[in-house]
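# Chains, contacts and geometry: an overview
What follows is the residue order along each chain.
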Amino acid sequence: MSIRRAFADLSVGQVHYATCGDPASPAVLLLHQSPRSWTEYRAVLPLIGAHRRAIAMDTAGFGDSADGGVPASIEQWARVARELLEALNITQVDVVGHHTGGVVAVELAAVLPERVRSLVLSSTPYTDEPFRKARAQRPPIDEVAPSEDGSHLAALWQKRQGFYPPGRPDLLEAFVRDALKVERVEEGHRAVASYRMEERIGRIVQPVLIVRATEDPFAAPHAAELQHHLPQARIVDIEGGMVPLPDQMPEAFARVVLDFLEALP
């Protein structure tokens, strides 16, 4: 099944997205982690597109999407995602988010309860005050200082290597390519760290699936906490899943998403 790519002219400028599937089918919006792009879902799109209209967008300021000079925040990224839905004439959508994308999905569902039908939160942190304090005391996740000899490129690779599966350099290459396209690579993580999810999560009444990648040390511990605040949610584990879950295990990822969506009334 072919993937089609396009741009939408939105308030921040041109926003890039990729689609797969019948435009008349129910829509699924896929939101990526930082500092990735729609390519995180390259292998997932055809699998979901065989049953739904799958749309993977580049978050404003990432991939090939403009940011319009607007400061990065979860609220801003959700606003741009809303604009894309409007530009594509999508009145109802299921939203899937991984890591940062899951945080954006929470905001989108909180402010658009009539448009967001359900949520899949994959490896999504719960960002409350203790999370913000803890994150403020940690070093940058992906930021490296530029070097004349290019050694910072190896440093970027090595910072992530321990959280990626061995024998899959292709996944690290995809991460580095996306990271190099972002002007301020740490912006996504800072936006997550400053988001006040505790003020939004109580608004979510939609069905929720929490996907836990069992080998993701950053996000796996948050699954139970998210479920505590979303009593309608259930947790599904993907054994062996790591930080790059959607492109590491696309078949398993797509299957749990489709099973959840197909079971909705």
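Further up the page is the structure itself.
Residues numbered from 1 in each chain as written. Predicted model: local features only at pLDDT ≥ 70, side-chain atom pairs only at ≥ 80, totals over all residues. Heavy atoms only, no water.

## Topic: the overall build of the chain
Cut-off, in case you're wondering: Helix and strand definitions here come from DSSP, where helices need a minimum of 4 consecutive H or I residues and strands a minimum of 2 consecutive E residues; each element is numbered from the N-terminal end. Classification of residues uses two cut-offs on accessible area relative to the type maximum, computed with a 1.4 Å probe and protein chains only: under 20% is buried, over 50% is exposed, and between them is partly exposed. With residues, only the protein chains shown are counted as cover, and all accessible areas are computed by Shrake-Rupley using a 1.4 Å probe. Only four residue types enter the tally: Lys and Arg on the positive side, Asp and Glu on the negative side; His and the chain ends are excluded. By convention, the charge on Lys lies at NZ, on Arg at CZ, on Asp at CG and on Glu at CD.
Assigned secondary structure in the chain consists of ten helices and eight strands. Principal axes of the C-alpha set define a box for the chain whose edges measure 55 × 40 × 35 Å. Looking at the chain as a whole, 55% of its 265 residues qualify as buried. Put simply, the chain shows about 11,300 Å² of open surface, and 51% of that area lies on carbon and sulfur atoms. Of the charged side chains in the chain, 27 are positive and 35 negative, and the gap between their average positions amounts to 3 Å.

## Notes on the sheet that holds strand β6 (residues 116-122)
Heads up, the rule is: DSSP calls a pair of strands paired once it identifies at least 2 bridges connecting them. Here an angle of 0 to 180 degrees is reported between the N-to-C directions of two axes, which are lines fitted to C-alpha atoms, with helices fitted over the stretch in contact. The contact definition used throughout considers only heavy atoms, calling two residues in contact when any of these lie within 4.5 Å.
Taken together, eight strands build an open sheet; the order of strands is β1-β2-β4-β3-β5-β6-β7-β8 and the sheet is mixed. Single-partner strands in this sheet number two, and they are β1 (4-10) and β8 (234-238). Averaged over all pairs of adjacent strands, the angle between strand axes in this sheet comes to 25 degrees, irrespective of strand direction. Where helix α2 (residues 74-87) meets the sheet, its contacts fall on β1, β2 (13-20), β3 (27-31), β4 (53-57) and β5 (93-98), and the angle it forms with β1 comes to roughly 110 degrees. Lying over the sheet, helix α3 (residues 100-111) contacts β3, β5 and β6, oriented at roughly 155 degrees with respect to β6.

## Some remarks on the side chain of R53
To keep it simple, the criterion reads: Salt bridges are defined by distance alone: a side-chain nitrogen of Lys or Arg within 4 Å of a carboxyl oxygen of Asp or Glu.
With respect to the helices, strands and loops of the structure, R53 is situated in strand β4. Buried R53, no salt bridge; nearest opposite-charge side chain is D22, N-O distance 7.7 Å.

## A short note on the pattern of salt bridges
Applying the stated criterion to the full structure yields 22 salt bridges. Here R36 makes a salt bridge to D247, at a shortest N to O gap of 2.9 Å. Of this pair, R36 sits in the loop between β3 and α1 (44-49) while D247 sits in helix α9 (residues 245-248), placing them 211 residues apart in sequence. Of the charged contacts in the structure, one is a salt bridge between D259 and R255, with a shortest N-O distance of 2.9 Å. Linking D259 with R255, this pair stays in helix α10 (residues 250-262), spanning four residues, or about one helical turn. Of the residues examined, R255 reaches a relative accessible area of 38% and is grouped as partly exposed. Residues joined by salt bridges that share partners form a network here, namely E129, R132, R196, E198 and E199.

## Observations regarding the packing of helix α5 (residues 151-161) against helix α6 (residues 169-181)
Heads up, the condition is: Roughly parallel refers to an angle under 35 degrees, roughly antiparallel to one over 145, roughly perpendicular to one between 65 and 115, and oblique to any angle outside these ranges. Two helices crossing with the near one rotated counterclockwise from the far one by less than a right angle form a left-handed crossing, whereas a clockwise rotation gives a right-handed crossing. When residues are grouped by polarity, Ala, Val, Leu, Ile, Met, Phe, Trp, Tyr, Cys and Pro land in nonpolar, Asp, Glu, Lys and Arg in charged, and all others, Gly among them, in polar.
Their axes nearest at 10 Å, the elements α5 and α6 cross at an angle of 125 degrees. Classified by the angle their axes make, α5 and α6 are oblique. The handedness of the crossing between α5 and α6 comes out as right-handed. Counting all contacts with α5, which are made through L153, L156, W157, R160 and Q161, the residues of α6 involved are P169, L172, E173, F175, V176, A179 and L180. Classifying every residue of the contact of α5 with α6 gives nine nonpolar, one polar and two charged.

## Describing α2
For clarity, the threshold we go by: Each residue after the first adds 1.5 Å to the expected span of a helix.
Between its first and last C-alpha, α2 extends 20 Å over 14 residues, near the 20 Å set by a 1.5 Å rise per residue. I74, Q76, W77, A78, V80, A81, L84 and L85 are the residues of α2 that are buried. Following α2 by one or two positions, N89 adopts a phi angle in the positive range, close to 60 degrees.

## So, the environment of R203
Among the secondary structure elements, R203 is positioned in the loop between α7 (187-194) and β7 (208-213). When the C-alpha atoms of R203 and H16 are compared, they prove to be 29 Å apart, with 187 residues separating the residues in sequence. Excluding residues that lie within four positions of it along the chain, R203 makes contacts with A110 and V111.

## So, the packing of α2 against α3
For the pair α2 and α3, the least separation of the axes is 9 Å and the interaxial angle reads 70 degrees. One element, α2, and the other, α3, form an angle in the roughly perpendicular class. Here I74, E75, W77, A78, A81 and R82 of α2 lie close against α3, whose contacting residues are T100, V103, V104, E107 and L108. The class makeup of the residues in the contact of α2 with α3 is seven nonpolar, one polar and three charged.

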